[in-house]
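Residue strings, one per chain:
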Amino acid sequence: MHRCLTIDEILTIIFQHAFIILKPEPKSREFRDRRTLARLARTCRYFLEPALNVLYYEINDLLWLIKCMPDDLWAVNGKQLSFIRAMQPSDWDIFLRYARRVRSLEFDRQCISTTDVNVYVALAQPPTPIIIFPRLIHFRCGEYRTEAIPFLQHLLQPTVVHVDIDNLMSNPLTFCILPLLPARCPRIKQVMAFRNFVFQRGDRALETFSKVLCQLTELQALRCAELPEDSVLHLSQLPNLKILRMDLRLISLDHLESAFGCITFPVLQEVLLSAPSMSHSLRFLKFIQSTSVDTINLNVDDETCAADYNAIFTSWASNPLYQNLSVIDISEMQVWRDYDDKHIIDITTLRPLFQLKRLSSLKLETLCTYDLDNTAIKEIAKAWPLLETLDLSIRECGWEIPSKVTLPGLLPLLQHCPNLALLGLVVDATVLPTNWTRLPGAGIRNTSLESLWLADSKITRPPLVASFLSAVAPNIEQIASWNTPLLSGRNGKDKYMKRWKEVERLVRQFTLVRRQEREWASRWHGKGCEDDAVVEEVEDGRVEAYDSEPEPPTDSEDDDEFEYCYVADGI
């Protein structure tokens, strides 16, 4: 064995890659391979410690540690594990041998039904005063039973820098554990705390959480629900706060405006706000003086018209504080739509954002619809070459009006945005190139695109669409369309959804065939066979609307809105 494999640091890096495996199937790309690490730990003495350190670095259930102890100590009745005898010193030796490796420990709310309280009572009484998890840096807790509190207190130590509270309620977890955080974990950098319903002013749990926040001075990231004004004022002066996610419903902006100092949120980078209205969010954004803002995520209850969006985007593009902006994500939480001409977004609405050259993600889930065509998509592609995510599909209800974007119209995005991984648009997939004897896309291949969100996109010929997509975006794993409650009542929903599912399946098969052909051609000619992109030729090429339903499929009932007449050309 090479001498480098006797160095723990090198082995740890190798085992980390062995632990997280990429699955080829779509939608579940990573899984933790604990069996492989367990086998590596038993391979030789050099591998034992590094492999166990990686294996027990992150524990999402205390049962992983308990089941390392002798079988006669514990038993499972139904779904709940409990101790059936007292822990002996030898049991503690085993438990501590693995506990000292844990860096992240989770107790989600399911542990209430899977772990008996006598387990916590036993673990809260070690034979000698000792830190049970000496390397712990992160814990997530949803366990709120009173009997578990003494054990949870053992987790509060100076090494902890990241705390997540599953459900911030009026319970022993909130009133007995949270108040201890500032004193026992003074270096906390990240806090996340949510609850299942909205806080009201005067809520005791909210007041307790607010007092804790006001004592934390090294926070770098906070993700929570509603906060009172005192907490927000404290957060605004923190020198290291970079990520803020909060709800503005309980905040009086007039009070904040009169109380804020000259510099507020000096280094904030990510802003995620929930608010009753867009104006409420925009007013709070004006308080932020950081020049490092790169993410704006707004969730608002009301609707905003296209003209107002144009004014918002114009303001952001001209604001020197937002020149590093790379992520814009806006969602309107209402689910109904009654749009008119004032609620149609076209390219002139989006054009002010073209000044933000670093934009990598744009997601607009609004009650407006879109009037975009292939020319508009080409403008977007050339303006934002760093795009990784573009979602204008309005997944909940789609565009509702016929789309002017065709499949060939997507080619500029695939060419000019090489990192594009998620694309959400409504396309007219009834319009396809007619000359199928040529290479689809003139050789353009985007290997980054993995997900297509197509909402209410229409389609007539799945094999032809799959043939095109497999050539220009061979790594597509997910095609989502017609899959929301609001779209379920639309005419043709089952028909179109079935056809896009067929495209998703065929793309994988066609991609495999194309890969085999390229490999064969590469071996035959002694070089790769990728052609140079000829974008203009494809964009200006002939297209034809297929005017007849395909003969073979069983779901070929007539569309309510279109009559198709298929014109064969070169096939």
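See the structure shown above.
Scoring rules and cut-offs
Residues numbered from 1 in each chain as written. Predicted model: local features only at pLDDT ≥ 70, side-chain atom pairs only at ≥ 80, totals over all residues. Heavy atoms only, no water. Helix = DSSP H or I, 4+ residues; strand = E, 2+ residues; numbered from the N terminus. Buried < 20%, exposed > 50% of the residue type's maximum accessible area, 1.4 Å probe, protein only. Contact = heavy atoms within 4.5 Å. Areas by Shrake-Rupley, 256 points an atom, 1.4 Å probe, with all protein chains shown as cover. Salt bridge = Lys/Arg side-chain N within 4 Å of Asp/Glu carboxyl O. Phe/Tyr/Trp six-rings, centres within 6.5 Å; stacked < 30°, edge-to-face > 60°. Lys NZ or Arg CZ within 6 Å of the ring centre and 35° of its normal. Pairing = 2+ DSSP bridges. Right-handed = clockwise from strand over helix to strand, strands pointing away. Axes fitted to C-alpha atoms, helices over the stretch in contact; angles between N-to-C directions. Parallel < 35°, antiparallel > 145°, perpendicular 65-115°, else oblique. Nonpolar A, V, L, I, M, F, W, Y, C, P; charged D, E, K, R; others polar. Core = buried A, V, L, I, M, F, W, Y, C linked by side-chain atoms within 4.5 Å. Arc of directions from axis to C-beta. Patch = residues over 30% accessible without salt bridge, like charges linked within 9 Å, V, L, I, M, F, W, Y side chains within 5 Å. Lys, Arg positive; Asp, Glu negative; His and termini not counted.

Asks: Lay out the overall build of the protein in plain terms, naming residues and giving numbers.
Replies: Looking only at helices and strands, the protein features 22 helices and 25 strands. Buried positions account for 50% of the 571 residues belonging to the protein. Residue pairs in contact within the protein that sit at least 24 positions apart in sequence constitute 76% of those at least 6 positions apart. Entry remark: accessible area of the protein is about 27,000 Å², with carbon and sulfur atoms responsible for 51%.

Asks: Just give me the short version of the pattern of salt bridges, but keep the residues and values in it.
Replies: Side chains that differ in sign of charge can pair as their charged atoms come close. Inspection of the entire model under this criterion finds 18 salt bridges. The shortest N-O distance in the salt bridge between R100 and E49 comes to 3.5 Å. With R100 in the loop between helix 5 (89-99) and strand 6 (104-107) and E49 in helix 3 (residues 45-55), the pair connects residues that are 51 residues apart, well separated along the chain. With a relative accessible area of 32%, R100 lands in the partly exposed category. The partly exposed category is assigned to E49, whose relative accessible area is 31%. The salt bridge involving D72 is made with R85; its shortest N-O contact spans 3.2 Å. Of the two residues, D72 sits in the loop between helix 4 (63-66) and strand 4 (74-77) while R85 sits in the loop between strand 5 (80-83) and helix 5, which places them 13 residues apart along the sequence. Here the salt bridges share partners, and the residues they tie into one network are E49, R100 and R101.

Asks: Go over the packing of aromatic side chains with me, naming the residues and quoting the values.
Replies: Tallying each qualifying case throughout the model produces 14 aromatic pairs. Ring plane angle 80° and centroid distance 6.0 Å describe the contact between F107 and F151, whose orientation is recorded as edge-to-face. Remark: F151 occurs in helix 8 (residues 149-153) and F107 occurs in strand 6; sequence separation between them is 44 residues. Residue class for F107 comes out buried when judged on its relative accessible area of 1%. Ring plane angle 80° and centroid distance 5.2 Å describe the contact between F354 and W384, whose orientation is recorded as edge-to-face. Of the two residues, F354 is situated in the loop between helix 16 (347-350) and strand 16 (361-365) and W384 in the loop between helix 17 (374-383) and strand 18 (389-391); the sequence distance between them amounts to 30 residues. A relative accessible area of 0% means that W384 is categorised as buried. In this structure an aromatic cluster arises from ring pairing among Y309, F313, W316 and Y322. In this arrangement the basic side chain of R45 is found over the ring face of Y46, its NZ or CZ atom lying 4.6 Å from the centre.

Asks: Account for the environment of M87, naming residues and giving values.
Replies: Residue position: M87 is located in the loop between strand 5 and helix 5. We classify M87 as buried; its relative accessible area is 15%. Measuring from C-alpha to C-alpha, the distance between M87 and L123 comes to 8.5 Å, with 36 residues separating the pair along the chain. The residues contacting M87, other than those within four sequence positions of it, are M69, L73, W92, A122 and L123.

Asks: Got a sec to walk through the pairing of strand 10 (residues 221-226)? Specific residues and values, please.
Replies: As a general feature of sheets, a regular strand has side chains that alternate between the two faces. Counting buried residues in strand 10 gives five out of six residues, a clear majority hidden from the surface. With four bridges connecting them, strand 10 and strand 11 (residues 243-247) associate as parallel partners. Residue pairing for strand 11: A221 is matched across the bridge by I243. A crossover links strand 10 with its parallel partner strand 11, the connecting element being helix 12 (residues 229-236), and its sense is right-handed.

Asks: Describe helix 5, listing the residues and the values that go with them.
Replies: Every buried residue of helix 5 is accounted for by D91, W92, I94, F95, L96, Y98 and A99. Next to the buried residues of helix 5 lie helix 3, helix 4 and helix 7 (117-123).

Asks: Tell me about the packing of helix 14 (residues 278-285) against helix 15 (residues 306-318), and please be specific about residues and values.
Replies: Helix-helix packing is characterised by the crossing angle of the two axes and by the distance between the axes. Relative orientation of the contacting elements helix 14 and helix 15 amounts to 10°, with a least axis distance of 13 Å. In this view, helix 14 runs roughly parallel relative to helix 15, as classed from their interaxial angle. Residue-level contacts link M278, L282 and L285 of helix 14 to Y309, I312 and W316 of helix 15. When grouped by side-chain class, the residues that make up the contact of helix 14 with helix 15 number six nonpolar, no polar and no charged.

Asks: Break down the nonpolar core for me, with residues and values.
Replies: Residues F133, F151, F284, W316 and L413 are the most contacted members of the largest nonpolar core, which totals 168 residues. The element best represented in this core is helix 5, accounting for six residues.

Asks: Give a detailed account of helix 14, specifying residues and quantitative values.
Replies: Taken as a whole, helix 14 has its buried residues at M278, H280, S281, F284 and L285. The buried residues of helix 14 occupy one face: seen down the axis, they fall within an arc of 160°.

Asks: Could you give an account of the pairing of strand 14 (residues 327-332), with specific residues and numbers?
Replies: The element strand 14 is largely enclosed, with a buried count of five among its six residues. Taken together, the six bridges between strand 13 (residues 295-300) and strand 14 define a ladder with parallel strand orientation. Residue T295 lies in a different strand from strand 14, and its bridge partner there is V327. Each parallel crossover has a hand, and the one from strand 13 via helix 15 to strand 14 is right-handed. Looking at chain direction, strand 14 and strand 16 are connected through five bridges and run parallel. Looking at strand 16, one finds that V327 is bridged to S361.

Asks: Residues and numbers for a nonpolar patch on the surface, please.
Replies: Residues I7, I10 and I14 make up a contiguous nonpolar surface patch of about 210 Å² in total accessible area. For I10, the position within the fold is in helix 1 (residues 8-19).

Asks: With reference to specific residues and values, describe the side chain of D164.
Replies: Structurally, D164 is set in strand 8 (residues 162-165). In this structure D164 is buried but unpaired, with R140 as the nearest side chain of opposite charge at 5.6 Å. Beyond its immediate chain neighbours, meaning those up to four positions away, D164 contacts H138, F139, R140, C141 and M192.

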